[in-house]
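Take a look at the letters that make up each chain.
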Amino acid sequence: MTVEERDLKYIWHPCSQMKDYETFPPIPIERGEGVYLYGIDGKRYLDVISSWWCNLLGHCHPRINAAITDQLSRLEHVIFANLTHLPAVELCERLAEVVPRGLEKFNFSDNGSASVECALKMAFQYMHQTGRPRKTRFMCLSDGYHGETIGALSVGTLDLYAKIYKPMLMDVVRIPAPDCYRCPFGLTREECGCPCFKEAERCFEQYAEETCAVIVEPLLQGSAGMRIYPPLYLKKLRALCDCSDVLLIADEIATGFGRTGKMFACDHAGITPDIMCLSKGLTGGYLPMALTVTTQAVFDAFYADYNEGKAFMHSHTYSGNPLGCRAALAVQDILRGDKILEQAAETAPRLTALLNEALGSHPNVGEIRHIGLIHAIELTADKRTKAPFPSEKRIGYRIYRRVVEKGLLLRPLGNVLYFNPPLVIDENQCEEAVALAREAVCEELPSGG
Ligand code: PLP
């Protein structure tokens with residue numbers, strides 16, 4: 001049996017209709033190096049999706065490998081309740097220097113969804129323990145995504161992931177999100193004063209009294225199709241939270257660590273959330289680790305004599321795993337030492353230019369938008385009306401199949417193709433990626449399909 005056949009005999013892959021694998025089986029990957037992955041047949045794939053948005057500095061980075069290997073010979077894991085270790089302490093010291101000012105306490109978990117669950121529970125408990133027990137609901141933006149566990153799904157609003165589970169989910173308040181490509185006010189991002197923020201104000205007026213927190217993906221709604229909205233919206237939301245006694249949770253799981261051109265998306269707006277969720281790039285995409293970072297004020301609401309019952313009684317077996325901490329420390333060293341954000345800032349406009357040149361005038365390309373190195377190509381059935389392709393056409397998936405065969409790992413989100421490459425991708429690799437993407441789009445949609 002081939003590896004593919006042996007895989008399909010037992011494995012249920014994530015976020016997949018397994019029947020699709022009958023005609024497009026999983027690709028066995030043997031090794032990775034930099035921005036490239038290599039199949040067991042030797043075929044090379046350029047990974048411009050950072051292996052689910054987590055690989056920050058390339059595959060098998062020698063310094064991250066060395067850090068993990070060194071840690072492996074000392075301590076692989078230890079319970080993190082009552083015990084601690086230097087890698088965790090040093091990591092938090094380092095992160096405290098780069099997170100938005102005012103975030104000071106770090107709670108470890110082991111994946112993005114778990115860090116969102118922590119944030120939601122913290123916000124709920126914070127209000128309870130500071131004399132506002134009626135504040136029990138959450139607000140979120142429509143089309144948001146925060147993970148797949150029940151709490152995280154409740155505050156995510158993409159039907160694709162949540163619809164079937166609705167009877168199990170919390171009743172949350174959904175604020176209609178900014179949609180800058182299809183702006184109902186006919187504005188562009190550059191001239192926008194965020195008139196759509198009125199929707200947030202309306203929701204806060206009606207529900208703030210019963211709400212403990214609002215959760216957002218700052219500036220970039222990734223799973224919604226890399227939808228980008230202006231920093232002004234985030235600034236206004238911070239101000240509204242302040243005057244409405246509602247905590248602001250920034251889910252920076254996808255946007256953190258330079259993805260948007262600054263260390264955190266919140267930095268574009270110059271704001272500090274009350275709670276911030278981090279994962280993915282935290283360990284460079286090596287090991288599952290997440291953090292829920294809070295202000296001192298949030299932390300203080302839990303700090304009391306044991307018998308007052310105010311502790312945050314939440315744990316995960318692999319919280320604070322030393323291997324993950326060492327990987328994350330190496331990532332911080334490399335980000336700073338190798339001036340990675342500065343490098344990515346030079347590559348990003350080149351990628352923008354290449355994509356505009358290659359696909360800007362294609363009849364089915366409605367918009368090419370970008371923030372940092374993240375670039376999204378919105379495919380439309382009709383460029384003038386911005387009408388989307390019907391989802392049953394699976395345009396994105398069809399292009400994905402073509403492009404993977406050409407040696408480019410470019411996973412679509414519905415009608416949106418996106419590039420979210422490791423920050424170390426260089427100009428030649430961008431050229432290679434754009435040329436392959438163009439070929440696949442033009443083959444699938446030869447004359448506006
Ligand atoms: N939040 C955001 C913004 C994400 O993009 C993701 C994953 O893509 C998550 C949360 C969930 O993270 P995980 O897949 O590690 O549970």
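Everything numeric in this text was worked out from a predicted model, so none of it was measured.

Peer 1: Explain the overall build of the chain to me, using residue names and the numbers behind them.
Peer 2: Regarding its fold elements, the chain presents 16 helices and 16 strands. Rg of the C-alpha trace for the chain: 22 Å, near the compact-globule value of 22 Å for 449 residues, within the 12% margin. For the chain, the spread of C-alpha atoms along the principal axes amounts to about 65 × 60 × 45 Å. When each of the 449 residues of the chain is scored for burial, the buried share is 54%. Contacts in the chain between residues far apart in sequence, at least 24 positions, make up 72% of those at least 6 positions apart. A total of about 20200 Å² of accessible surface is found on the chain, and carbon and sulfur atoms cover 53% of it. On the chain, the mean spot of the 47 positive side-chain charges and the mean spot of the 56 negative ones are 3 Å from each other.

Peer 1: Any chance you could break down empty space enclosed by the protein for me, citing the residues and the numbers?
Peer 2: Overall, the coordinates contain one cavity of 30 Å³ or more when judged by the stated rule. Around the largest cavity sit G144, Y145, G147, A152, L153, G156, T157, L158, Y161 and A162, which together line it. Looking at the lining of the largest cavity, the elements with two or more residues in it are α7 (150–154) and α8 (159–162). Along the lines of polarity and charge, the residues of the lining of the largest cavity split into six nonpolar, four polar and no charged.

Peer 1: With reference to specific residues and values, describe unusual backbone geometry.
Peer 2: Negative phi values dominate among residues other than glycine, just as trans dominates among peptide bonds. Even without being glycine, S50 reaches a positive phi, approximately 50 degrees. Relative to the elements of secondary structure, S50 occurs in helix α3 (residues 50–53). Look at S50 and you get buried, because its relative accessible area is 0%. Unusually for a residue other than glycine, R394 sits at a positive phi of about 50 degrees. Tracing the chain through its elements places R394 in the loop between β14 (374–379) and α15 (395–405).

Peer 1: Any chance you could break down the layout of surface pockets for me, citing the residues and the numbers?
Peer 2: Over the atoms rolls a probe the size of a water molecule, and in doing so it shows where empty space is left. Of the voids in this model, the second largest pocket is the one considered here, and its volume is about 980 Å³. Among the secondary structure elements, those contributing two or more residues to the lining of the second largest pocket are β4 (103–109), β12 (290–295) and α12 (296–300). Considering every element that reaches the lining of the second largest pocket, the biggest residue donor is β4, with four residues. Here the lining of the second largest pocket is built from residues that sort into 16 nonpolar, 10 polar and three charged.

Peer 1: Can you explain the domain arrangement of the chain? Please cite residues and give values.
Peer 2: You can read the domains of the chain as domain 1 (3–60 + 339–444) and domain 2 (66–337). Taking only C-alpha atoms into account, the centre of domain 1 sits 26 Å from that of domain 2. With 35 residues of domain 1 at the interface, the matching set in domain 2 holds 30 residues. At the boundary of domain 1 with domain 2, total buried surface from both sides reaches about 2800 Å², with 62% on carbon and sulfur atoms. When the buried surface of domain 1 facing domain 2 is broken down by residue, W53, L56 and I371 rank first, second and third, together holding 24% of it. Summed over the shared surface of domain 1 and domain 2, the number is two salt bridges. Residues R182 and E378 are paired through a salt bridge, measuring 3.2 Å at the closest nitrogen-oxygen approach. Put simply, domain 1 and domain 2 have 19 residue pairs in polar contact (both at pLDDT 80 or more) between them. Elements represented by at least two residues in the side of domain 1 that touches domain 2 include exactly α3, α14 (340–359), β13 (365–371), β14 and β16 (416–419). Ranked by residues supplied to the side of domain 1 that touches domain 2, first place goes to β13 with five residues.

Peer 1: I'd like a rundown of the side chain of Q221, residues and numbers included.
Peer 2: Turning to its location among the elements, Q221 is positioned in strand β8 (residues 220–221). A relative accessible area of 1% places Q221 in the buried class.

Peer 1: Tell me about a nonpolar patch on the surface, residues and numbers included.
Peer 2: Together, I150, I164, Y165 and M168 line one region of the surface with nonpolar side chains, adding up to about 420 Å² of accessible area. In this structure, I164 sits in the loop between α8 and β6 (173–175).

Peer 1: Lay out the site of the ligand in plain terms, naming residues and giving numbers.
Peer 2: Residues in close proximity to the ligand include W53, N111, G112, S113, Y145, H146, G147, E217, D251, I253, A254 and K280, which together make up its full environment. Contact distances for the ligand include 2.5 Å between an oxygen atom and a side-chain N or O atom of S113. In the complex, the protein chains occlude 83% of the 400 Å² of accessible area that the ligand would expose alone. Of the residues contributing to the shell around the ligand, the split by class is four nonpolar, five polar and three charged.

Peer 1: Kindly report on the nonpolar core, identifying the contributing residues and their values.
Peer 2: Membership of the largest hydrophobic core comes to 117 residues, with the highest contact counts inside it found for F204, V214, L335 and F419. Three or more residues apiece are contributed to this core by two domains, here domain 1 (3–60 + 339–444) and domain 2 (66–337). Excluding anything up to four places from it in sequence, F204 contacts M139, I175, V214, L237, L240, C241, S244 and V246. Membership of the second largest hydrophobic core comes to 25 residues, among which are A119, A152, C212 and A213.

Peer 1: Please set out the sheet that holds β13 residue by residue, giving values where relevant.
Peer 2: Across the sheet, which stays open at both edges, the three strands sit in the order β13-β14-β16 with antiparallel pairing between neighbours. In the strand order of this sheet, the two ends are held by β13 and β16, each with one partner. Ignoring strand direction, the axes of neighbouring strands in this sheet form an average angle of 15 degrees. Here β13 pairs with β14 via six bridges, running antiparallel. Within the sheet, the bridge partner assigned to H370 lies in β14 and is H375. Each of β13, β14 and β16 touches α14; the most contacted strand, β14, lies at about 20 degrees to it.

About the criteria used
Residues numbered from 1 in each chain as written. Predicted model: local features only at pLDDT ≥ 70, side-chain atom pairs only at ≥ 80, totals over all residues. Heavy atoms only, no water. Helix = DSSP H or I, 4+ residues; strand = E, 2+ residues; numbered from the N terminus. Rg over C-alpha atoms; globule rule 2.2 N^0.38 Å. Buried < 20%, exposed > 50% of the residue type's maximum accessible area, 1.4 Å probe, protein only. Contact = heavy atoms within 4.5 Å. Areas by Shrake-Rupley, 256 points an atom, 1.4 Å probe, with all protein chains shown as cover. Lys, Arg positive; Asp, Glu negative; His and termini not counted. Charge placed at Lys NZ, Arg CZ, Asp CG, Glu CD. 1 Å grid on protein atoms, 1.4 Å probe; cavity = no way out; pocket = protein on both sides within 12 Å on 5 of 7 lines; lining within 4 Å. Points joined across faces, edges and corners; volume = space filled by probe spheres on them. Nonpolar A, V, L, I, M, F, W, Y, C, P; charged D, E, K, R; others polar. Domains from an automatic or database assignment. Buried area = accessible area lost by both parts, 1.4 Å probe. Salt bridge = Lys/Arg side-chain N within 4 Å of Asp/Glu carboxyl O. Polar contact = N/O pair within 3.5 Å; in protein donor to acceptor, adjacent residues only side chain to side chain. Patch = residues over 30% accessible without salt bridge, like charges linked within 9 Å, V, L, I, M, F, W, Y side chains within 5 Å. Near = heavy atom within 4 Å. Core = buried A, V, L, I, M, F, W, Y, C linked by side-chain atoms within 4.5 Å. Pairing = 2+ DSSP bridges. Axes fitted to C-alpha atoms, helices over the stretch in contact; angles between N-to-C directions.

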